[in-house]
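# Residue-level structural notes
Residue strings, one per chain:
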Amino acid sequence: MLGGLSPAQFMHKHWQKQPLLVRQAFTNAVPPASLKTLAALAAQDDVESRLVTAFDGEWKLKQGPIARLPAMSKPGWTLLVQGLDQHLAEARELLDRFRFVPDARLDDLMLSVASDGGGVGPHFDSYDVFLIQLAGRRRWRIGAQRDAVLRDDVPLKIIGNFKPDDEFVLEPGDMLYLPPRWAHDGVAVGPGCITGSVGFRASTAEALAAELLPRLLDEVDSGGKLYSDPRQEATSEPGRVPVALLEFARRAVEAAAQAPHALERALGEALTEPKAKVWFEPGEPLEPGLGASLDRRSRMLYDAAHVFLNGESFRAGGRDAALMHRLADRRMLTAPEVARLSPGARELLDQWTEDGWVQPLKP
Ligand code: SIN
Ligand code: CO
């Protein structure tokens, strides 16, 4: 899939560094969704979608739900549907091909369908992306442009001074990898162009801190101790912040950040929080003799002492931990593996199947 490169070589040479074009990365590429399925998904209000049109040279953006698409015979439109992996098993399978990158970085599979000439205009993204041509053809122009300036007269992110330095037409099965901020413009050549984008996620330090700090506070229990100052002397500078109060505040913040396992738990829980609008269908406890697989919407990660599933953390050690790591890494456990779980871990797995986070795996 990586044009003769091993995942290790790809990560070393290209990831976050250099584009890579792979002809026939996928032989017999089949889009995980047809135009009809995509149109139906785009009409749902729990699916994130956008319609971009450039009719008569005028860029327009419409956020979903999209009730009606223009005709495929009308040039210049594209529909983008986000998070297909949450909705379709085939899309989840395609995304799974990219798990040589940690799950904590993998975001979702987007599909776009376009009529002739359709596209979202020249732009750059903040994240890495694999663009997979699944049906029809698309012409990509790309450039390592550092001076890109976004236009302010259009409703979408479009570079005004786009300077491509490469151009190729992707056929079904071809794939293009682009590092973050690489300028690109993909235009459908002919109708029925379907492109998949494997997207990644990364936070700024500020956003991560904003997300983790409230969670850290949930982890520590200060016993509701109030600030007290029995040794406060009479002051002639009532406006001055007492040094002892600053120290009290500093200790409170440090205690939250340094509580054993607090940061690990906060991070694991934050990273596995299900996406907005995701809900799970409740199930039955796992029948004896069956294997188990993660529901395609479930997010599972682990560290040395915990496993994290859909925003919750669990302590795990020994054989249970090894099996839970396997569940996270392979997204499934065979029946013999399930049988080796301790009674406590098995009870947890039953809870997860009842929650719909884990699905029974029929033999
Ligand atoms: C598309 O599939 O049309 C847009 C993908 C992208 O440029 O990021
Ligand atoms: Co892009």
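Residues numbered from 1 in each chain as written. Chains lettered and ligands numbered in written order. Predicted model: local features only at pLDDT ≥ 70, side-chain atom pairs only at ≥ 80, totals over all residues. Heavy atoms only, no water.

## Some words on the overall build of the protein
If you tally the helices and strands in the protein, you get 10 helices and 15 strands. Projecting the C-alpha coordinates of the protein onto the three principal axes gives extents of approximately 80 × 70 × 45 Å. The buried share among the 363 residues of the protein stands at 42%. The long-range fraction of contacts in the protein, counting pairs at least 24 apart against all pairs at least 6 apart in sequence, stands at 76%. For the protein, the exposed area adds up to about 19,200 Å²; of that, 54% sits on carbon and sulfur atoms. (Helix = DSSP H or I, 4+ residues; strand = E, 2+ residues; numbered from the N terminus. Buried < 20%, exposed > 50% of the residue type's maximum accessible area, 1.4 Å probe, protein only. Contact = heavy atoms within 4.5 Å. Areas by Shrake-Rupley, 256 points an atom, 1.4 Å probe, with all protein chains shown as cover.)

## Notes on the domain arrangement of the protein
It is common to give the size of an interface as the accessible area that goes away when the parts come together. Taken domain by domain, the protein holds domain 1 (7-200), domain 2 (209-271) and domain 3 (291-361). A separation of 35 Å is found between the C-alpha centroids of domain 2 and domain 3. Facing the six residues of domain 2 at the interface are 10 residues of domain 3. Our count for the contact surface shared by domain 2 and domain 3 stands at zero salt bridges. Taken together, domain 2 and domain 3 are joined by one residue pair in polar contact (both at pLDDT 80 or more). For the side of domain 2 that touches domain 3, the per-class residue count stands at one nonpolar, two polar and three charged. (Domains from an automatic or database assignment. Salt bridge = Lys/Arg side-chain N within 4 Å of Asp/Glu carboxyl O. Polar contact = N/O pair within 3.5 Å; in protein donor to acceptor, adjacent residues only side chain to side chain. Nonpolar A, V, L, I, M, F, W, Y, C, P; charged D, E, K, R; others polar.)

## Notes on the packing of helix α5 (residues 205-219) against helix α7 (residues 262-272)
Following both chains from N to C, one finds α5 and α7 inclined at 120°, their axes separated by 9 Å at the closest point. Between α5 and α7, the angle is such that the two are oblique. Viewed along their axes, α5 and α7 form a crossing whose handedness is right-handed. Contact residues: α5 offers Leu208, Glu211, Leu212, Arg215, Leu216 and Glu219, while α7 offers Ala262, Leu263, Arg265, Ala266, Leu267, Glu269 and Ala270. For the contact of α5 with α7, the per-class residue count stands at eight nonpolar, no polar and five charged. (Axes fitted to C-alpha atoms, helices over the stretch in contact; angles between N-to-C directions. Parallel < 35°, antiparallel > 145°, perpendicular 65-115°, else oblique. Left-handed = near helix turned anticlockwise from the far one by under 90°.)

## A few points about the coordination of the cobalt ion (ligand 2)
Those protein atoms acting as donors to the cobalt ion (ligand 2) are His123 (NE2), Asp125 (OD) and His184 (NE2), and they sit at 2.0 to 2.1 Å. Considered as a linear motif, the donors of the cobalt ion (ligand 2) on their single chain read H-x1-D-x58-H. Under the relative-accessibility criterion, Asp125 is labelled partly exposed at 24%. (Donors = N, O, S within 2.8 Å, 3.2 Å for Na, K, Ca; no water.)

## A look at the pairing of strand β3 (residues 58-63)
Pairing between strand β2 (residues 49-55) and β3: six bridges, direction antiparallel. Each bridged residue has a counterpart across the sheet, and for Thr53 the counterpart in β3 is Lys60. Hairpin connection from β2 to β3: two residues lie between these consecutive antiparallel strands, with Asp56 at a positive phi of about 50°. (Pairing = 2+ DSSP bridges.)

## Focus on the site of ligand 1
As a structural note, the neighbourhood of ligand 1 is formed by Leu80, Met110, Ser112, His123, Asp125, Leu131, Arg138, Trp140, His184, Thr195 and Ser197. Between ligand 1 and the protein, one listed contact pairs an oxygen atom with a side-chain N or O atom of His184 at 3.2 Å. Here ligand 1 loses 94% of its free accessible area of 260 Å² to cover by the protein chains. Residue assignment for the shell around ligand 1 shows that the elements contributing at least two residues are β5 (106-114), β6 (129-143) and β9 (183-200). Residues of the shell around ligand 1, tallied by class, amount to four nonpolar, five polar and two charged. (Near = heavy atom within 4 Å.)

## Quick word on the side chain of Thr195
Summarising the element assignment, Thr195 is placed in strand β9. For Thr195, the side chain forms a polar contact with the side chain of Gln133, separated by 3.0 Å. Reaching out from Thr195, the side chain makes a polar contact with the side chain of Arg138 at a distance of 2.8 Å. Excluding residues that lie within four positions of it along the chain, Thr195 makes contacts with Met110, Leu111, Ser112, Leu131, Ile132, Gln133, Leu134, Arg138 and Trp140.

## A word on the pattern of salt bridges
Counted by the stated rule, this structure contains 21 salt bridges. Linking Glu211 and Arg215 is a salt bridge whose minimum nitrogen-to-oxygen distance equals 3.6 Å. Of this pair, Glu211 and Arg215 are both found in helix α5, four residues apart, which corresponds to roughly one turn of the helix. A residue is classified by how much of its surface remains accessible, and Glu211, at 37% relative accessible area, is partly exposed.

## So, the sheet that holds strand β14 (residues 332-333)
Strand pairing in a sheet relies on backbone hydrogen bonds, with the paired strands running either antiparallel or parallel. What the three strands build is an open sheet, ordered β14-β10-β15; its pairing is antiparallel. One side of each edge strand has no neighbouring strand; the edge strands of this open sheet are β14 and β15 (358-361).

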